[in-house]
Amino acid sequence: MRRFHITLALSAALLALLVVSPARAQSPQLQDTALVVGTLPNGMRYYLRANRAPAHRAEFRLAVNAGSLLEDEDQRGYAHFVEHMAFNGTTHFPRNSLIDFIETSGMRFGADLNAYTSQDETVYMFTLPTDDPALVDHGLQVLEDWASGGITIDSSEVIAERGVIMGEWRMRLADTASQTIQKHYDPLWFGDSRYPEREPIGDTTLIETAQPAPIRRFYHDWYRPDLMAIVVVGDFDAAAMRREIERRFGRIPARKHARRRPQPVVKLHDVPEIDVYRGKVTPSVEVAWPVLPEATSVTERYRQQLTNYLLHQDLQRRLREIRERPSRPFITADVEQGRVVRPVEVTGFSLIAWPDSLERGLGAVLTEIARLSQHGPGEAVLAQDKAELLRGLESSAASELARSSGSYADAYVGNYLRGDGPLLGADQELALARQILPSITPEVLADAARRLWSTRGGERVFVRLPLYAHVRPPTPKEVRALFDSVARTPVAPDSARAYAESPLLDHPPTPGRISAERRDTVAGITEWTLSNGARVIVKPSANDQDELLVRAWSPGGFSLLPDSLFFTPGRMVARMMTEAAGLGGHDHDALHQQFRATGIRDLRVNIGYADESIDLAGSPRELETLFQALYLQFTAPTLDTAAVHSWASLAKWRGTPFSFDDWLDQIFARGEPRLAPIGTELAELAKPSDAMAVYRNRFGSAGDFTFTLVGAITPEQVRPFVERYIASLPSTAEHEEPKRIDVVPFLHNVDDVSRVLEQPKAVTELVFDGPLPSDPARYLEARRELGALATVVQDRVRTRLREELSGTYSPAVMARTYSLPDDSLTTEHYRVIMYFDSAPERMRSLYHELEHVLDSVRANGATPAELERAATIQRRQVETALQDNRYWLNAIGLYHRLGIALDRIPHPYDTTPLTPDELRDAARRYLPPDVYIHLTAMPRDTTYGETRGGTQAPARLATRGGASRR
């Protein structure tokens, strides 16, 4: 719920930001033909669209044009309180039966049923299956109850919900330094408007004493047809859905004598606002200009957005180039655009620099803005930027059938509430862009830069300097003088040239060959063995017509690195390769420019304890470029000193806040450094030679790698590229096996308390960990048991700790699996993590309640109804996952490694629910009462007796390794 701007990502993957922001009276010829938009006689708006991604699912939204800004003085926090009450009972779904209905359908509370409240709006959202008409009918009934005054707001539910909302307040409460910074900047952003005093979480005194009357008054005043929109997108008959929406929601009467909804206003001064702040901050500068009003016609508005996008892209390119120079004036700088709150949309930039270089860094960015304003970009560079933009829009059009219903639904909500959502089809966007782009010249962009970023007044400049910095901070007058000086100074045109559009490889390698082939017709998978020993698995998929995922994986990892390589900063090489390296003759920036132009969307390197991998994602239309990038990542990655130094500088300034995950990883490492998290503390000592030595050790031979390809390809299409670019990779006859690690099991429970929190809350985590069966059939059954166990325990913990005791906001129970080569090379382990936060004084009692829930499941298992629900949730999750190429990529790798038949991927679990006895046995097996880790983080000044159940907590980990407690 904090207000911070959104960095504009300049990539084809986020070209949805370029969609038209049409007026609500948009003409039919400029609207997606699959979208139906209407207004009912009572003033309610509706958006509906038939969409089959994913199949057999629909997204439901209720957008309410009312948030905490509309609260009366005695209602501060009650807009958000109404949101909570909407899940606690309605006319047709009393008490918690709404959550029961969602989870009985196979969906999950939180993941598939949620809402948010901001100062300007409240939005409810849920997902339902559509293969049962009764579920769709019930879903529409939920929306109708919420929209027609059917939310139950009685004393007992309000009193019970106080503690839950206070739990959310604690969860979202920033640390002391962040609160101080927020209080400092609120007046600078909002002046004397109501925004700072109308945070959605509200006044804690009013929350703790909340009564129904003022909550009902807010609901009555502002939840009315003329301030609401219904959005339904999914796999259904659009005509039938339209009739049902008009029937149900058209009968809600219009509100007579309604309160006037005031339009939110933030009066921006027409003079610059310059602020210099010292505190617990990163040395940085942020500059924001108000965004100019948009054109009214669809075509002109789209022209404006394309122009701004090209401007942002060109400026970001210039900043990246400056960042890579040996004498760079800043560590990093980014172009930004986004909303602070609804009436405040800004554009500008932010930079991080060394404390003594802030003014130099600010001057460098302002100079590049002046260069753009005076000359625009070069013709060749602009032509290349336009080509990349069109390539992204072509990809969006090719992938339109794979665009998720949730993405459409969220966009339509944005259109209703802010006028900024897409109402064009992807083909229409592409056609309009092709029409407009030729008229966008360097002169047009120069003029747009002057209008966007000129010193016209109203800009906000925030300079932040750490307390410990031994430099004099600039004064506002000096900052103003810097702006004026740059604005008056002529600068030369940009000398950057368009990068050469050429193959990544000048001389393709001599092909190898496929020496063996095996086809699994049930799973639709082809497996090849190559002449260099590598294996390739090909899975054609129609999930997305413009997506191909590639993973190269092999066993080994850090376990096989000699100490001389591991105990150096070179072990950070995977991050360096992902974030700073080039390929062949292309440095990192040139490489990613070419990637954007050729549809390669991702390239990541990873090294873990027991394996290493390379992941690529791209368009099947650029197969050769994708395979060339893969070939070069094995044979010709490049890291130079300047690139490593630039990467290390940024890594130094990235914060390392307290993390439960890192705390757990340290405990589970049992003192073994190769299992501990790899941080960037030594980044400044990194050398390209060390990094390349580690990389060659892990990726020097492709002979024991398995390459998995999933996407819109066929074996016949990729065969020649596999033979040329994978079968030709260098290899040795050696097939590595990771070093088995003697991870001694924990022998009894471990309790640990860390007083690290500044906020007045306690955070508790309970973790169970152990090996899974190695037999393939039993392994899948164990996965099913773990999933059912997590679902049952999650439901009971939420019911007890949140709904009945009002002690916490969002308790969580998660079951994960991971590989760890201890007993055998294919050993998988499980980890069940239970988490909640609370007031410090309630942590102990809530923890005991959690223990009672676990004792009950260990003693009696679960009811048939709970087990049926868990089985349905698992089945529904698999249904959706199978429509995701990433799921197939991960599942193929896992099943192949464990020796499980790949035709089990679509049907991994028995459809018959577990019995109560089977779940009871699983609980005793995976959640033992005497072997677990219990971690609690407390405020620094909280007294906490380290006892549990009257027994002193153990002082050391009970393992043969004798690792000490943190």
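Residues numbered from 1 in each chain as written. Predicted model: local features only at pLDDT ≥ 70, side-chain atom pairs only at ≥ 80, totals over all residues. Heavy atoms only, no water.

## Examining the overall build of the protein
Then, number 1: In terms of regular secondary structure, the protein is built from 28 helices and 27 strands.
Then, number 2: Relative to the compact-globule value of 30 Å for 966 residues, the protein shows a C-alpha radius of gyration of 29 Å, a close match.
Then, number 3: Counting only C-alpha atoms, the protein reaches 70 × 70 × 65 Å along its principal axes.
Then, number 4: Expressed as a percentage of its 966 residues, the buried residues of the protein come to 57%.
Then, number 5: Put simply, 83% of the contacts in the protein that link residues at least 6 apart link residues at least 24 apart.
Then, number 6: When the accessible area of the protein is evaluated, it comes to approximately 38,900 Å², of which 52% is carbon and sulfur surface.
Then, number 7: Computed over 112 positive and 128 negative side-chain charges, the separation of the two mean positions in the protein equals 2 Å. (Helix = DSSP H or I, 4+ residues; strand = E, 2+ residues; numbered from the N terminus. Rg over C-alpha atoms; globule rule 2.2 N^0.38 Å. Buried < 20%, exposed > 50% of the residue type's maximum accessible area, 1.4 Å probe, protein only. Contact = heavy atoms within 4.5 Å. Areas by Shrake-Rupley, 256 points an atom, 1.4 Å probe, with all protein chains shown as cover. Lys, Arg positive; Asp, Glu negative; His and termini not counted. Charge placed at Lys NZ, Arg CZ, Asp CG, Glu CD.)

## Some thoughts on the sheet that holds strand 5 (residues 122–129)
Then, number 1: What the six strands build is an open sheet, ordered 1-2-6-3-5-4; its pairing is mixed. Because the sheet does not close on itself, it has two edges, and the strands there are strand 1 (35–39) and strand 4 (113–117). On average, each strand axis in the sheet is tilted by 10° relative to the strand beside it, whichever way the strands run.
Then, number 2: Bridging between strand 4 and strand 5 involves five bridges; their strand directions are antiparallel. In the sheet register, Ala 115 faces strand 5, and the bridge partner there is Tyr 124.
Then, number 3: Along the sheet, helix 3 (residues 133–147) contacts strand 3 (57–64), strand 4, strand 5 and strand 6 (228–234); its crossing angle with strand 5, the most-contacted strand, is approximately 165°.
Then, number 4: Each of strand 1, strand 2 (45–50) and strand 6 is contacted by helix 8 (residues 238–250), which is oriented at about 160° to strand 2, the strand it contacts most. (Pairing = 2+ DSSP bridges. Axes fitted to C-alpha atoms, helices over the stretch in contact; angles between N-to-C directions.)

## Thoughts on the pairing of strand 13 (residues 525–530)
Look at any regular strand and the pattern is simple: side chains alternate between the two faces of the sheet.
Then, number 1: Of all six residues that make up strand 13, five are buried, and the element is covered over most of its length.
Then, number 2: One ladder, built from six bridges, connects strand 12 (residues 514–520) with strand 13; its direction is antiparallel. Bridge assignment links Asp 520 to a residue of strand 13, and that residue is Ile 525.
Then, number 3: Between the end of strand 12 and the start of strand 13, which pair antiparallel, lie four residues, with Gly 524 showing a positive phi angle near 70°.
Then, number 4: Bridging between strand 13 and strand 14 (residues 535–540) involves four bridges; their strand directions are antiparallel. Among the inter-strand pairings, Trp 528 is bridged to a residue of strand 14, identified as Val 536.
Then, number 5: Taking the residues that link successive antiparallel strands as the turn, the strand 13-strand 14 hairpin has four residues, and the phi of Gly 533 there is positive, at about 95°.

## Remarks on the packing of helix 25 (residues 843–860) against helix 28 (residues 916–926)
Then, number 1: In contact at an axis separation of 6 Å, helix 25 and helix 28 are set at 125° when each is read in the N-to-C sense. Taken as axis vectors, helix 25 and helix 28 run oblique relative to one another. Of helix 28, the residues touching helix 25 (which contributes Val 857, Arg 858, Ala 859 and Asn 860) are Pro 916, Leu 919, Arg 920, Ala 923 and Arg 924.
Then, number 2: Considered class by class, the residues forming the contact of helix 25 with helix 28 number five nonpolar, one polar and three charged. (Parallel < 35°, antiparallel > 145°, perpendicular 65-115°, else oblique. Nonpolar A, V, L, I, M, F, W, Y, C, P; charged D, E, K, R; others polar.)

## Side note on the environment of Asp 665
Then, number 1: On the secondary structure map, Asp 665 appears in helix 21 (residues 660–668).
Then, number 2: Take Asp 665: its relative accessible area is 29%, and that puts it in the partly exposed class.
Then, number 3: Sequence separation between Asp 665 and Ala 66 is 599 residues, and the spatial gap between their C-alpha atoms is 43 Å.
Then, number 4: Non-local contacts of Asp 665, meaning those with residues more than four positions away in its chain, are made with Leu 675, Pro 677 and Arg 831.

## Focus: the packing of helix 11 (residues 379–398) against helix 13 (residues 426–436)
Then, number 1: Interaxial distance between helix 11 and helix 13 falls to 8 Å at its minimum, and their mutual angle equals 160°. It follows from the interaxial angle that helix 11 and helix 13 lie roughly antiparallel. Every pair of crossing elements has a handedness; the one defined by helix 11 and helix 13 is left-handed. Taken together, the residues of helix 13 that come into contact with helix 11 (itself represented by Leu 390, Leu 393, Glu 394, Ser 396 and Ala 397) are Ala 426, Asp 427, Glu 429, Leu 430, Ala 433 and Arg 434. (Left-handed = near helix turned anticlockwise from the far one by under 90°.)

## Things to note about unusual backbone geometry
Then, number 1: Cis rather than trans, the peptide bond between Ala 53 and Pro 54 has omega equal to 0°.
Then, number 2: Topologically, Pro 54 is positioned in the loop between strand 2 and strand 3.
Then, number 3: Located in the positive-phi region is Arg 95, a residue other than glycine, with phi close to 50°.
Then, number 4: Of note, Arg 95 is situated in the loop between helix 1 (78–85) and helix 2 (97–104).
Then, number 5: For Arg 95, a relative accessible area of 54% gives the class exposed.
Then, number 6: Its identity is not glycine, yet His 257 carries a phi of approximately 55°, on the positive side.
Then, number 7: With relative accessibility at 84%, the residue His 257 sits in the exposed group.

## What about the nonpolar core?
Then, number 1: In terms of nonpolar packing, the biggest core is built from 63 residues, with Phe 634 and Phe 707 touching the most fellow members.
Then, number 2: At eight residues, the largest contribution of residues to this core is made by helix 19 (residues 623–635).
Then, number 3: Listed in part, the 59 residues of the second largest apolar core include Val 64, Ala 79, Val 142 and Leu 227. (Core = buried A, V, L, I, M, F, W, Y, C linked by side-chain atoms within 4.5 Å.)

## Remarks on the pattern of salt bridges
Then, number 1: Summed over all chains, the structure comprises 79 salt bridges.
Then, number 2: Measuring nitrogen to oxygen at the nearest pair gives 3.3 Å for the salt bridge that ties Arg 480 to Glu 459. A residue pair is termed long-range when its members are at least 10 positions apart, and Arg 480 in helix 15 (residues 476–488) and Glu 459 in the loop between helix 14 (442–453) and strand 11 (460–466) qualify at 21 residues. Judged on exposure class, the residue Arg 480 and its partner Glu 459 are both buried.
Then, number 3: Sharing partners across several salt bridges, the network here consists of Asp 314, Arg 317, Arg 318, Glu 321, Glu 368, Arg 371 and Asp 494. (Salt bridge = Lys/Arg side-chain N within 4 Å of Asp/Glu carboxyl O.)

## Digging into the sheet that holds strand 13
Then, number 1: One open sheet accounts for seven strands, arranged 12-13-14-20-15-18-17; its pairing is mixed. Two strands in the sheet have a free side with no partner beyond their single neighbour: strand 12 and strand 17 (600–607). Averaged over all neighbouring strand pairs, the angle between strand axes comes to 15°, with direction disregarded.
Then, number 2: By the bridge criterion, six bridges tie strand 15 (residues 548–555) to strand 20 (residues 706–711) in an arrangement that is antiparallel. Paired with Trp 553 across the bridge in strand 20 is Thr 706.
Then, number 3: Helix 22 (residues 688–699) contacts strand 15, strand 17 and strand 18 (611–618) of the sheet and is inclined by roughly 90° relative to strand 17.

## Considerations on the confidence of the model for the protein
Then, number 1: Across the protein, the average pLDDT comes to 89, with 92% of residues at or above 70.
Then, number 2: In this model residues 1–28 is a low-confidence stretch, pLDDT under 50, and it forms 86 contacts with partners more than four residues away in sequence or in other chains.
Then, number 3: Confidence drops under a pLDDT of 50 for residues 944–966, and excluding neighbours within four residues, the segment shows 55 contacts in the predicted structure. (pLDDT = per-residue confidence, 0-100.)

## Points about the environment of Ala 229
Then, number 1: Take Ala 229: it is sitting in strand 6.
Then, number 2: Other than its neighbours up to four places away in sequence, Ala 229 contacts Met 44, Arg 45, Tyr 47, Arg 61, Leu 62, Ala 63 and Tyr 416.

## Comments concerning helix 4 (residues 155–172)
Then, number 1: Taking 1.5 Å as the rise per residue, helix 4 with 18 residues should run 26 Å; its terminal C-alpha atoms sit 26 Å apart, in good agreement.
Then, number 2: At Arg 162, helix 4 shows its maximal bend, which comes to roughly 30°.
Then, number 3: Among all positions of helix 4, only Glu 157, Val 158, Glu 161, Arg 162, Gly 163, Val 164, Ile 165, Met 166, Gly 167, Glu 168 and Arg 170 are buried.
Then, number 4: Lining the buried residues of helix 4 we find helix 1, helix 6 (204–208), helix 7 (212–222), helix 24 (776–804) and strand 24 (828–838). (Expected span 1.5 Å × (residues − 1). Bend = angle between axes of the 7 residues up to and from the residue.)

## Notes on the pairing of strand 6
Then, number 1: In terms of burial, strand 6 is a largely internal element, seven of the seven residues being buried.
Then, number 2: The alternating pattern of strand 6 places Met 228, Ile 230, Val 232 and Gly 234 and Ala 229, Val 231 and Val 233 on opposite faces, both of which are buried.
Then, number 3: In this structure, strand 2 lies alongside strand 6, joined through six bridges in parallel fashion. From the neighbouring strand, Ala 50 faces strand 6, where its bridge partner is Gly 234.
Then, number 4: Here strand 3 pairs with strand 6 via seven bridges, running antiparallel.

## Structural notes on the environment of Arg 755
Then, number 1: If you trace the backbone, Arg 755 turns up in strand 21 (residues 750–757).
Then, number 2: Between the C-alpha atom of Arg 755 and that of Val 37, which follows or precedes it by 718 residues, the distance is 54 Å.

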